[in-house]
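The lines below spell out each chain.
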Amino acid sequence: MTKLHVALAMAAAMAVATPAFAQDDSLKLLSGAWRMTSLEVGNAAGELEPIEYSGQIVFTDAGTMSVQAMNPDADAAATPYTANGYEAFYGTVTIDEAAKTFVVTVESSLARTMIGQGFERAFQVSEDQLVLTPTNPEESWRVTYERQ
C-alpha cells in the first residue's frame, strides 16, 4: 500500500469517526455552555406556561452534549427525563443545519430509560440566546438559554 493509499484510508476513517456536528457551521453557534433562563411546559389548554427550573446545557467541539437541570421541588413527580426533580444526561449530537435540528443519542442518563434513545430537537440561536423545542408534536415545551 502506498503512502497515498494510507493517507486516503486514514482520511476516510476519520470522516466516519467524526460526528457530523463537528463539521457544521452550527458548531460555532452552539458550542459552549448555556445557562437556562426559562422553561415553559404545555398545559391542558395547549398553552405554554413557565415553570420554575434551573440548569445548563453544554455542546462540545467533539460533537457531544450534556444537560443538567433541576426543579427546586425535590419531590416533583418523575418524568421520562427526570428523577427526584433532577435531569442529567450526556450523549453524541448529530446536527441537520438546514432544518435547524439536532438529534442527541443518549449514552448516559440519570433516567436510565433514556440511554440508547435519540431525541430530536429544533434550535434557534440569536446572538447569545438559544431556544430549544421538541420536534415531536406530542411534546409541548420550550427552553431558553443564555450563553455563559
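My aim in this report is to walk through the structure given alongside it, one point at a time.

Scoring rules and cut-offs
- Residues numbered from 1 in each chain as written.
- Predicted model: local features only at pLDDT ≥ 70, side-chain atom pairs only at ≥ 80, totals over all residues.
- Heavy atoms only, no water.
- Helix = DSSP H or I, 4+ residues; strand = E, 2+ residues; numbered from the N terminus.
- Buried < 20%, exposed > 50% of the residue type's maximum accessible area, 1.4 Å probe, protein only.
- Contact = heavy atoms within 4.5 Å.
- Areas by Shrake-Rupley, 256 points an atom, 1.4 Å probe, with all protein chains shown as cover.
- Salt bridge = Lys/Arg side-chain N within 4 Å of Asp/Glu carboxyl O.
- Pairing = 2+ DSSP bridges.
- Phe/Tyr/Trp six-rings, centres within 6.5 Å; stacked < 30°, edge-to-face > 60°.
- Core = buried A, V, L, I, M, F, W, Y, C linked by side-chain atoms within 4.5 Å.

**Side note on the overall build of the protein**
Now for step 1: Secondary structure summary: the protein contains two helices and nine strands in total.
Now for step 2: For the protein, the succession of helices and strands along the chain, N to C, is α-α-β-β-β-β-β-β-β-β-β.
Now for step 3: For the protein, with 148 residues in total, the buried portion stands at 32%.
Now for step 4: In the protein, of all internal contacts separated by at least 6 residues, the share reaching a separation of at least 24 is 42%.
Now for step 5: Here the protein has roughly 8,800 Å² of accessible surface; of this, 55% comes from carbon and sulfur atoms.

**Examining the pattern of salt bridges**
If charged atoms from side chains of opposite charge come close, those side chains can pair.
Now for step 1: Scanning the entire structure with this criterion turns up four salt bridges.
Now for step 2: Across the salt bridge formed by D128 and R147, the nearest N and O atoms sit 3.5 Å from each other. Of this pair, D128 sits in the loop between β7 (118-126) and β8 (129-134) while R147 is found in strand β9 (residues 141-147), placing the two residues 19 residues apart along the sequence.
Now for step 3: Judged by relative accessible area, which is 47%, D128 ranks as partly exposed.

**Some words on the pairing of β8**
Looking down a regular strand, the side chains alternate between one sheet face and the other.
Now for step 1: When β7 meets β8, the two strands line up antiparallel, connected through six bridges. Residue pairing in the sheet places A122 in a bridge with T133 of β8.
Now for step 2: Where β7 hands over to β8, the hairpin turn is made up of two residues, of which E127 adopts a positive phi near 50°.
Now for step 3: Hairpin remark: β8 followed by β9, antiparallel, with six residues in the connecting loop.

**Topic: unusual backbone geometry**
Now for step 1: Residue N84 is not a glycine yet carries a positive backbone phi of 55°.
Now for step 2: Tracing the sequence through the fold places N84 in the loop between β4 (64-70) and β5 (86-96).
Now for step 3: Its relative accessible area of 61% is what places N84 among the exposed residues.

**Description of the packing of aromatic side chains**
Now for step 1: As enumerated under the stated definition, the model contains three aromatic pairs in all.
Now for step 2: Residues F59 and F102 carry aromatic rings whose centres are separated by 5.5 Å and whose planes lie at 85° to one another, so their mutual orientation is edge-to-face. In this pair, F59 sits in strand β3 (residues 54-59) while F102 sits in strand β6 (residues 101-109), placing the two residues 43 residues apart along the sequence.
Now for step 3: Owing to a relative accessible area of 1%, F59 belongs among the buried residues under this scheme.
Now for step 4: Here the aromatic rings of Y81 and F119 are separated by 5.7 Å at their centres, their planes lie at 65°, and the arrangement is edge-to-face. Of the two residues, Y81 is situated in the loop between β4 and β5 and F119 in strand β7; the sequence distance between them amounts to 38 residues. Across the pair, F119 and Y81 agree in class, each one buried.
Now for step 5: Joined through ring pairs, the aromatic side chains of F59, F102 and F123 make up one cluster.

**A closer look at the nonpolar core**
Now for step 1: Ranked by internal contacts, the top residues of the largest apolar core, which has 26 residues, are I57, F59, M65, F102, L130, L132 and Y145.
Now for step 2: If you list the elements that add at least two residues to this core, you get β1 (32-42), β3, β4, β5, β6, β7, β8 and β9.

**Thoughts on the pairing of β4**
Now for step 1: Two strands pair when backbone bridges link them, and β3 and β4 are joined in this way by six bridges, in the antiparallel orientation. Each residue of the ladder has a partner; that of F59, found in β4, is M65.
Now for step 2: A loop of four residues connects β3 with β4, the two strands running antiparallel in sequence, and G63 in this loop sits at a positive phi of about 85°.
Now for step 3: The sheet contact formed by β4 and β5 spans seven bridges and is antiparallel. Bridge pairing in β5 places T64 opposite T92.

It is worth stressing that arrangement in space is one thing and function is another; only the former is reported here.
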